[in-house]
Number of protein chains: 2
Amino acid sequence: MASSNGKAAQAEEGKAAQAQEGKAAPEGSIGGYESLHRLLEANLSPELFQEASRLLLGLNCARPLEAIALPEATMTLAETHNFDVQAFRFSADKEFLRQPRVVRVGLIQNSIAVPTTCHFSEQKKAIMDKIRPIVDAAGASGVNILCLQEAWTMPFAFCTREKRWCEFAEPVNGESTQFLQELAQKYNMVIVSPILERDVNHGETIWNTAVIIGNNGNIIGIHRKNHIPRVGDFNESTYYMEGNTGHPVFETAYGKIGVNICYGRHHPLNWLAFGLNGAEIVFNPSATVGELSEPMWPIEARNAAIANSYFVGSINRVGTEVFPNPFTSGDGKPQHADFGHFYGSSHFSAPDASCTPSLSRYRDGLAISDMNLNLCRQIKDKWAFRMTARYDMYASLLSEYLKPDYKPQVIVDPLINKRA
Amino acid sequence: MASSNGKAAQAEEGKAAQAQEGKAAPEGSIGGYESLHRLLEANLSPELFQEASRLLLGLNCARPLEAIALPEATMTLAETHNFDVQAFRFSADKEFLRQPRVVRVGLIQNSIAVPTTCHFSEQKKAIMDKIRPIVDAAGASGVNILCLQEAWTMPFAFCTREKRWCEFAEPVNGESTQFLQELAQKYNMVIVSPILERDVNHGETIWNTAVIIGNNGNIIGIHRKNHIPRVGDFNESTYYMEGNTGHPVFETAYGKIGVNICYGRHHPLNWLAFGLNGAEIVFNPSATVGELSEPMWPIEARNAAIANSYFVGSINRVGTEVFPNPFTSGDGKPQHADFGHFYGSSHFSAPDASCTPSLSRYRDGLAISDMNLNLCRQIKDKWAFRMTARYDMYASLLSEYLKPDYKPQVIVDPLINKRA
């Protein structure tokens, strides 16, 4: 806990990095709690909390989730800049022929830094100034691979349908990439940077893109969002279309990673494809709001981790972003100027079906997890989902389904109209 | 609540059918609670319980989950035969061009009725005698479509690898089917009956099969389990192989249903295929034990309901089954005679990402849900997952992946060995 005293001692004692205690409840929080996990922890007896955690986090006795002690520098940054920190370790079985492959992975969630009415250059600078200490905290914690939230350089302005926000788009090697390349090199850290991309070599087309920066500060490659939403205020197809980069897996110094951007998490085939290409960790940088998607948030990433035997890092931005001009939402309600509450709740999911508690629903945060990537193959060997997947049957089915005259396999009750 | 007084009045007052209160805690239950939901209800303030429920059950303010009042006959049967009953209503928006299509759906979970050492004919008879009052309760409640658990006519004996349990296999029109055909006709109810099938027309091959019985007592068709586990004590591939019936959807008097049997729930493509064929409700009759799969249980069915815009009914058997001869489990542990605890927890999931609380982890039970099938198309229109799915990309990918020389799409960091 980031209390003001005894941080070094705390780290030495191996206590968890968790929510800041004793602070005022975040504005809008329910019952003063920042997450479901903390709500239950504060209100259940230790025995019942343990049982609830077992069921909610998918823990089993053989593989508990351990809290990780973080260095004083990290906790000081978290306190100074008022961001949430949580750190947990997933374990794996010992193998005889492979050494453990433990990587430390970080996720950053944040609200925007200044009002959307400020000059665009001021907005960009402010958000970089806000992100830097959180990246520094990740660096100080020895994070190997770090992922930022979707379109982190800007407000999520696509609800407005105003084209002027396109100005925030940058080429792959633009300002935000250069900013993170320096930090990647400084901290020997792979950084996944989801931005609005301006494809200058193809007629200045705009894409929703993740830039993968290597631990030497080099650009390894990019991935463009595969599935584009048309739901609620997510008017993203007004700005960019479906990505054309397939399902690349990036082999970095610390492991094989993929990026399933935002709405792609609703598509099991998208998750599957990264798995078929060998991903060990798939990040899901997102921007999504409570009323629309919160029921799905604890489900989809965990299901993907289970089904594909890889780790998932889920990130959602935080806070409410108010725009200069009001807009309507196609829901019959009056015009309004905000998108709703981005509920944060970033967390990790593991292939053994466990997951970490989530970061705050209200505050910026850094989630850290140690994961032994050997667990991916261990779970593949145990559950044999690949071996039993019958991909041939589904390749045929999808090919048939694509035909305009596809006839679904339906067996009609011949007595259907008899008496019902 | 199945208290001894005032049941009729209770039903009239519209109270919920829920756990029997005031009974001794089930043996082995943690803190005396039968399910996570009841644990939280008993230990959190109403305000916090409401918030926890919102997050856990995926409820949103626009569509609350309502408890349904059941008739006195149902509650009396539940009390007399000591089974859990829960009943909830999922709602949907009003449409202008279609009437609501509300169906009442039931799920039955149960333990075996007599020890596995009893004569096989006694075991079969005892389990039918046990099931009958629960089916009667469903009938008395006006259930339209009822699904039983996987291989409901027998203990889940595949852990033993003993071939003698094959005697429990029956032809599609065998004893258990005839038993349920009578009840289906009596209650004007579609019944899904998962059994061990003896395929007498194909060399007496054994399959894991669901028989779909129409509300007139006729056999509409069958579906055979598509994915067969080889994990833990699930030695099922010793007894039967992957099904050859594709992904049929049965158009019944009450809606289009599919059956994803047990281990098939780990395969998103299996769920997808029933969706592509037009299923509105997919049942997942299962037999699975705590240590192995409980972390996955609340995740996979809900994910399937979300991803495919249909309802899911999940069923798991209950209790510990002890076999006459000990066996080993390939886990280095000594021989033993039981499979572990089947944790029940049957429940429903809806396409809007909500779900019902689960039945008891310890007792037999009947879960009932009213669902307006119009919700399926409403969610398809809202979220547009089909429209945005890019099936062509995945048909191509799977076809490529099937080739022995498939090369995964991997982008290697050229500086990967520089300093990490």
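Residues numbered from 1 in each chain as written. Chains lettered and ligands numbered in written order. Predicted model: local features only at pLDDT ≥ 70, side-chain atom pairs only at ≥ 80, totals over all residues. Heavy atoms only, no water.

## Looking at the sheet that holds strand β14 (residues 347–349) of chain A
Hydrogen bonding along the main chain pairs the strands of a sheet, whether they run parallel or antiparallel.
(1) Moving on: Taken together, the six strands give an open sheet; going across it, the order is β14(A)-β11(A)-β10(A)-β9(A)-β8(A)-β16(B), and neighbouring strands pair in mixed fashion. Strand pairing shows two members of the sheet lacking a second neighbour, β14 of chain A together with β16 (410–412) of chain B, which therefore form its edges. Pairs of neighbouring strands in the sheet enclose a mean axial angle of 25°, with direction left out of account.
(2) Moving on: Sheet analysis places strand β8 (residues 249–252) of chain A next to strand β9 (residues 255–259) of chain A, joined by three bridges and oriented antiparallel. In the strand pairing of β9 of chain A, threonine 252 of chain A is matched with glycine 255 of chain A.
(3) Moving on: Taken strand by strand, helix α9 (residues 297–308) of chain A contacts β10 (281–286), β11 (311–316) and β14 of chain A, and its axis lies near 155° from that of β11 of chain A. (Pairing = 2+ DSSP bridges. Helix = DSSP H or I, 4+ residues; strand = E, 2+ residues; numbered from the N terminus. Axes fitted to C-alpha atoms, helices over the stretch in contact; angles between N-to-C directions. Contact = heavy atoms within 4.5 Å.)

## Things to note about the relation of the copies chain A and chain B
(1) Moving on: The two copies are related by a screw motion: chain A maps onto chain B through a turn of 180° and a shift of 0.0 Å along the axis, at an RMSD of 0.0 Å. Classification of the inter-copy transformation places it as that of a two-fold axis.
(2) Moving on: Mapped onto chain B, 100% of the interface residues of chain A are again interface residues, and the two copies thus contact each other with one and the same surface. (Least-squares fit on C-alpha atoms with pLDDT ≥ 70 in both.)

## Observations regarding the interface of chain A and chain B
(1) Moving on: Across the contact, 100 residues belong to chain A and 101 residues belong to chain B.
(2) Moving on: One salt bridge in this structure joins glutamate 294 of chain A and arginine 54 of chain B, with 3.6 Å as the shortest N-O distance.
(3) Moving on: Scanning the region where chain A abuts chain B turns up 41 residue pairs in polar contact (both at pLDDT 80 or more).
(4) Moving on: Residue contributions to the side of chain A that touches chain B peak at 10 residues, all from helix α11 (residues 391–402) of chain A.
(5) Moving on: Residue composition of the side of chain A that touches chain B, by class: 56 nonpolar, 26 polar and 18 charged.
(6) Moving on: Note: strand β16 (residues 410–412) of chain A against strand β8 (residues 249–252) of chain B, three bridges, orientation parallel. Looking at the pairing, isoleucine 411 of chain A lines up with phenylalanine 250 of chain B of β8 of chain B. (Salt bridge = Lys/Arg side-chain N within 4 Å of Asp/Glu carboxyl O. Polar contact = N/O pair within 3.5 Å; in protein donor to acceptor, adjacent residues only side chain to side chain. Nonpolar A, V, L, I, M, F, W, Y, C, P; charged D, E, K, R; others polar.)

## Brief notes about empty space enclosed by the protein
Over the atoms, a rolled probe matching the size of one water molecule traces out where space is still vacant.
(1) Moving on: Within this structure, the stated rule accounts for 14 cavities of 30 Å³ or more.
(2) Moving on: In this structure, the largest cavity encloses a volume near 840 Å³.
(3) Moving on: Lining the largest cavity are 37 residues; nearest its centre among them are Leu36, Leu56 and Arg302 of chain A together with Leu36 and Leu56 of chain B.
(4) Moving on: Class assignment of the residues belonging to the lining of the largest cavity gives a composition of 19 nonpolar, 12 polar and six charged. (1 Å grid on protein atoms, 1.4 Å probe; cavity = no way out; pocket = protein on both sides within 12 Å on 5 of 7 lines; lining within 4 Å. Points joined across faces, edges and corners; volume = space filled by probe spheres on them.)

## Looking at the packing of α11 of chain A against helix α7 (residues 268–276) of chain B
(1) Moving on: Running from N to C, α11 of chain A and α7 of chain B point in directions that differ by 30°, and their axes come no closer than 11 Å. Looking at the two axes, α11 of chain A sits roughly parallel to α7 of chain B. Viewed along their axes, α11 of chain A and α7 of chain B form a crossing whose handedness is left-handed. Residues Tyr391, Tyr394, Leu397, Leu398 and Tyr401 of chain A of α11 of chain A pack against Leu269, Asn270, Leu272, Ala273 and Leu276 of chain B of α7 of chain B.
(2) Moving on: Residues of the contact of α11 of chain A with α7 of chain B, tallied by class, amount to nine nonpolar, one polar and no charged. (Parallel < 35°, antiparallel > 145°, perpendicular 65-115°, else oblique. Left-handed = near helix turned anticlockwise from the far one by under 90°.)

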